[in-house]
Amino acid sequence: MPVARYTLMNKNTPVLSFDYDLGAHQAVRIREMFSLKAAPFGLVNHRGNVSARELNYWWRHRAIPTSRAQVKRLLENLRLESTLELAEKSFGLSLSDCYWLNDEDNPQAWDTINFFDNNFTDDLGFLTLGQDSAGSSPHAPDYARVSLSSPNSTLGGDLLKKWKIIDGRRVLLKAGVGAFNQEPYNEAIATELHRRLMEPGEFTPYWLHEDSRRVYSACANMLGPDEELVAAWDVVRNVKQPNNLSDLQFYVHRCEELGLDGNEVMTALAKMFVGDFILANRDRHYRNFGLIRNVETLEVTRLAPVFDTGSCLWSDVELLEVPGDFLYQAKPFKARGMKPADQVRLFEGYLTWLNMDALTDFPEKAQTILSKNPNIPERRIATVVGAVREKLDVLDRIAR
């Protein structure tokens, strides 16, 4: 297979140039470095350089993960070798940042190809959301005519999802899993909770959206055309952690180094993890919270609003009959996780904002939203709501 010559771009800024093996779908040699300040966070090593190995690590995580449901069928239908090849078809463009690959033999311009400003079809999104599966749509896709120029070719995570343009807005739709399809309703419940805990702009609002006879969660893009989302993992990756700092202290320290106020960071994290505790969020890992950076000034401007809370309320447990069914490990900030209540206690000095009275009717609101889901039995809904009330009682004791 031939070798392509690519330049990694951050919007209009060249970051570095490299040789890319189109057969192996990986970089083989960095040729020249231009502006490493504009490089993706975590890409530059402690020596101030970028290796082909690090570039390939970033590139692999940019593609649709091979662990996502139905991805094998997606590739077979599109006659592609890998999800990396799919990402190549749209220059690696995303709606989570402004990075892309410019082919030096056939150069493009950001203004004409980016998905913040330019429209894209629903062809690939129809497939990445699994809407070609039996019973989900009356329309069979014509795979030979599917447009692969889409931000859905770089959309991460294991849940089926897609970007779609709705009334001119870039909206992310996410599916649930299993017989309950509970995750979309969980996102709506999380939004109701976050409205009680946070100020506007501190969380991403979700709503329920029906598309091709199935209900999904929906949220508008949190970013403007000059912004990128920086995952917490990339904030700390490739930076040596001092022995005297815990994982939480190190993350806050890194945020301070990037220009944010440490107390404000701690308070924002407290709000997020208190919400996660109430909702029994089992999946708040280092890749689904973080910071927002301006790609023009290259300055970190704010914390990312809370997003991606659907994997909660015990949606992965079938019966919820014994105490063990309700147990889970909270992931940050301990290598193998910790008890959820212990995670909240990390922020005991930053809970003055918490108003328990604002949460009085929350269990009933959660019950109302879950009751809209025809796939969840009433008995299960009652069990989940009862467990949420117990969570609020524990939180009240911790706060006092």
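As shown above, the structure is provided for reference.
Attention here is on the structure that accompanies the text. Please read these numbers as outputs of a predicted model, since none were measured by experiment.

Turning our eyes to something else, we now look at the sheet that holds strand E10 (residues 290–294). Strand pairing within a sheet occurs via backbone hydrogen bonds; the two strands may be parallel or antiparallel. Strands sit in the order E9-E10-E11 across an open sheet of 3 strands; the sheet is antiparallel. One side of each edge strand has no neighbouring strand; the edge strands of this open sheet are strand E9 (227–231) and strand E11 (300–303). The sheet shows a mean angle of 30° between the axes of neighbouring strands, direction not considered. Both E10 and E11 contribute to a ladder of 3 bridges, which runs antiparallel. Its bridge partner lying in E11, Ile292 is registered against Arg302.

We now examine the side chain of Asn288. Its location among the elements puts Asn288 in the loop between helix H9 (262–279) and E10. Looking at Asn288, its side chain comes within polar contact range of the main-chain oxygen of Asp283, at 2.8 Å. Ignoring sequence-local partners within four residues, the contact set of Asn288 consists of Asp283, Phe307 and Asp308.

Once that is clear, we can look at the packing of aromatic side chains. Scanning all chains against the criterion turns up 19 aromatic pairs. A ring pair is formed by Trp110 and Phe116, whose centres lie 6.4 Å apart and whose planes are at 40°; its orientation type is tilted. Across the pair, exposure class does not vary: Trp110 and Phe116 are buried alike. With 6.2 Å between their ring centres and 80° between their planes, Phe273 and Phe289 make a pair best called edge-to-face. Of the two residues, Phe273 is situated in helix H9 and Phe289 in the loop between H9 and E10; the sequence distance between them amounts to 16 residues. For the pair Phe273 and Phe289, one class covers both residues: buried. Ring pairing ties together the aromatic residues Trp233, Tyr251, Phe273, Tyr286, Phe289, Phe333 and Phe347, which thus form one cluster. Stacked on the ring of Trp353, the Lys or Arg Lys271 has its end atom at 5.8 Å from the ring centre.

So, how was this worked out
- Residues numbered from 1 in each chain as written.
- Predicted model: local features only at pLDDT ≥ 70, side-chain atom pairs only at ≥ 80, totals over all residues.
- Heavy atoms only, no water.
- Pairing = 2+ DSSP bridges.
- Helix = DSSP H or I, 4+ residues; strand = E, 2+ residues; numbered from the N terminus.
- Axes fitted to C-alpha atoms, helices over the stretch in contact; angles between N-to-C directions.
- Polar contact = N/O pair within 3.5 Å; in protein donor to acceptor, adjacent residues only side chain to side chain.
- Contact = heavy atoms within 4.5 Å.
- Phe/Tyr/Trp six-rings, centres within 6.5 Å; stacked < 30°, edge-to-face > 60°.
- Buried < 20%, exposed > 50% of the residue type's maximum accessible area, 1.4 Å probe, protein only.
- Lys NZ or Arg CZ within 6 Å of the ring centre and 35° of its normal.

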